Amino acid sequence: MTLKEIRLKARAKINLTLDVTGKREDGYHLLETIMQTVALYDGIYMKKLEKPEIRLKTNLPWLPVDERNLAYRAAQLMRETFGIKGGVFIEIDKRIPVAAGLAGGSTDCAAVLVGMNRLYELGLSEEELEALAGRMGSDIPYCVRRGTVLCEGVGEKMTNVADPCPRCYVVLAKLPVSVSTVSVYKGLKWDQVEEHPDTQAMLSAMAEGDVKKMGSLLCNVLETVTIEMHPKIAKIKKRLMELGAAGALMSGSGPTVFGLFSDREQARQAAAQVKREFALKEAVATRVYRVQREVRGEKRNG
């Protein structure tokens, strides 16, 4: 039966570790980061249109609904690349905080690539979708794949983690500010950073299912830039630790802080507490999202 419409969950991500290992001649920074999907998601509804047009609607009136939106550009790329004659209506129910270091725009983009592939029966493999995603942004291929993944280079080299992140709860707390990823990387003196993540130790802690040890190994070199711009990030991290987090860290280039918790109720109470104390609009408790993969580590069903 031919699909006419589809609903997808575009999930957010956090960086359990984020290290900058060098800089390319073209100015792009080389990364080593362990990315982890969380359950928090944007709802994506897509419907085929007979007219050759792309119509985008969101629940946030200030979000662009044209070429400035990555989801729109994803649909455009698929139509142009595969000569799709029909159009598509896309409705995004934004739940992931915007410009927060949680890949909200990237994951919507990835979901639209997946949705166009299914709606128009293109038969593209996950690898082919990731290659298309790579043309649009550095963390979009990861958002197609999802799960616990070690990303290197400029994000294009991905290795599925054999022993993924153990089940635990995640508090996400976003300051009401927007942070420019470009300006953070511009301000990073990566060769002067003193504390770097121990990626192998983090992988071992995950294999052992030790959330407490994982918490002690959380590390993001971009904090050296963003915390200087927004010192409250450090205060939220400290408060989450006082409220029982195994560890707390800024995700991506910020300004969202996340805390890892073993206990669901403790995570919910901590989210409510930091929301109140720091007068935050966006502070939620969620959980890590685990992807079921085949033994070869190539396919998922999530």
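I'm lost on the packing of aromatic side chains in this one. Help?
Each aromatic ring pair is specified by the distance between its two centres and by the angle formed by the two planes. Tallied over the entire structure, the rule returns 1 aromatic pair. Residues Tyr45 and Phe89 carry aromatic rings whose centres are separated by 6.3 Å and whose planes lie at 65 degrees to one another, so their mutual orientation is edge-to-face. Residue Tyr45 is located in strand β2 (residues 29-49), and its partner Phe89 is located in strand β4 (residues 87-93); the two are separated by 44 residues in the primary sequence. Of the residues examined, Tyr45 reaches a relative accessible area of 13% and is grouped as buried. For the cation-ring pair, Arg11 lies above Tyr289, with the distance from its terminal atom to the ring centre recorded as 3.9 Å. Above the ring of Tyr120, the side-chain terminus of Lys48 is found at 5.1 Å from the ring centroid.

What exactly am I supposed to notice about the pattern of salt bridges here?
For the structure shown, the criterion picks out 14 salt bridges. A salt bridge links Asp93 to Arg95; its shortest N-O distance comes to 3.1 Å.

Just checking my understanding: could you explain the sheet that holds strand β11 (residues 282-287) for this structure?
Adjacent strands of a sheet pair through backbone hydrogen bonds, lying either parallel or antiparallel. Judged by pairing direction, the sheet is antiparallel, and its 4 strands sit side by side in the order β9-β10-β7-β11 without closing on themselves. The sheet terminates laterally at β9 (247-250) and β11, the two strands that pair on one side only. Shown here is a sheet whose adjacent strand axes are inclined to one another by a mean of 20 degrees, direction ignored. Of the strands in this sheet, β7 (169-174), β10 (256-261) and β11 are in contact with helix α10 (residues 264-277), which crosses β11 at around 170 degrees.

Which parts of the structure should I look at to understand the pairing of strand β6 (residues 157-160)?
Strand residues, when the strand is regular, have side chains that alternate between the two faces of the sheet. The alternating pattern of β6 places Met158 and Asn160 on a buried face, while none of Lys157 and Thr159, on the opposite face, is buried. As judged from the 4 bridges shared by strand β5 (residues 148-153) and β6, these two strands associate in the antiparallel manner. Across the sheet, Leu150 pairs through a bridge with Thr159, a residue of β6.

Quick question: what am I supposed to make of the nonpolar core here?
Considering soluble globular proteins, one finds that nonpolar side chains tend to be buried as a cluster. Ranked by internal contacts, the top residues of the largest apolar core, which has 40 residues, are Ile44, Met46, Ile90 and Val112. The biggest single contributor to this core is helix α2 (residues 104-119), with 8 residues. Those residues in contact with Ile90, other than ones at most four positions away along the chain, are Ile44, Tyr45, Met46, Ile54, Arg55, Leu56, Lys57, Ala71, Ala75 and Val112. Val171, Val221, Leu240 and Ala283 belong to the second-largest nonpolar core, a separate cluster that totals 30 residues.

Sorry, what's going on with the pairing of strand β3 (residues 54-58) here?
Side chains Ile54, Leu56 and Thr58 project from β3 onto a buried face, and the interleaved Arg55 and Lys57 project onto a face without burial. Where β3 lies against β4, 5 bridges are found, and the strand directions are parallel. In the sheet register, Lys57 faces β4, and the bridge partner there is Glu91. On the question of chirality, the crossover connecting β3 to the parallel β4 by way of helix α1 (residues 70-82) is left-handed.

Would you mind going over the side chain of Asp139 with me for this structure?
Following the sequence through the fold, Asp139 ends up in the loop between α3 (126-134) and α4 (140-145). Buried Asp139, no salt bridge; nearest opposite-charge side chain is Lys13, N-O distance 4.9 Å. Excluding residues that lie within four positions of it along the chain, Asp139 makes contacts with Lys13, Met35, Ala103 and Ser106.

Criteria and cut-off values
- Residues numbered from 1 in each chain as written.
- Predicted model: local features only at pLDDT ≥ 70, side-chain atom pairs only at ≥ 80, totals over all residues.
- Heavy atoms only, no water.
- Phe/Tyr/Trp six-rings, centres within 6.5 Å; stacked < 30°, edge-to-face > 60°.
- Helix = DSSP H or I, 4+ residues; strand = E, 2+ residues; numbered from the N terminus.
- Buried < 20%, exposed > 50% of the residue type's maximum accessible area, 1.4 Å probe, protein only.
- Lys NZ or Arg CZ within 6 Å of the ring centre and 35° of its normal.
- Salt bridge = Lys/Arg side-chain N within 4 Å of Asp/Glu carboxyl O.
- Pairing = 2+ DSSP bridges.
- Axes fitted to C-alpha atoms, helices over the stretch in contact; angles between N-to-C directions.
- Contact = heavy atoms within 4.5 Å.
- Core = buried A, V, L, I, M, F, W, Y, C linked by side-chain atoms within 4.5 Å.
- Right-handed = clockwise from strand over helix to strand, strands pointing away.
- Lys, Arg positive; Asp, Glu negative; His and termini not counted.

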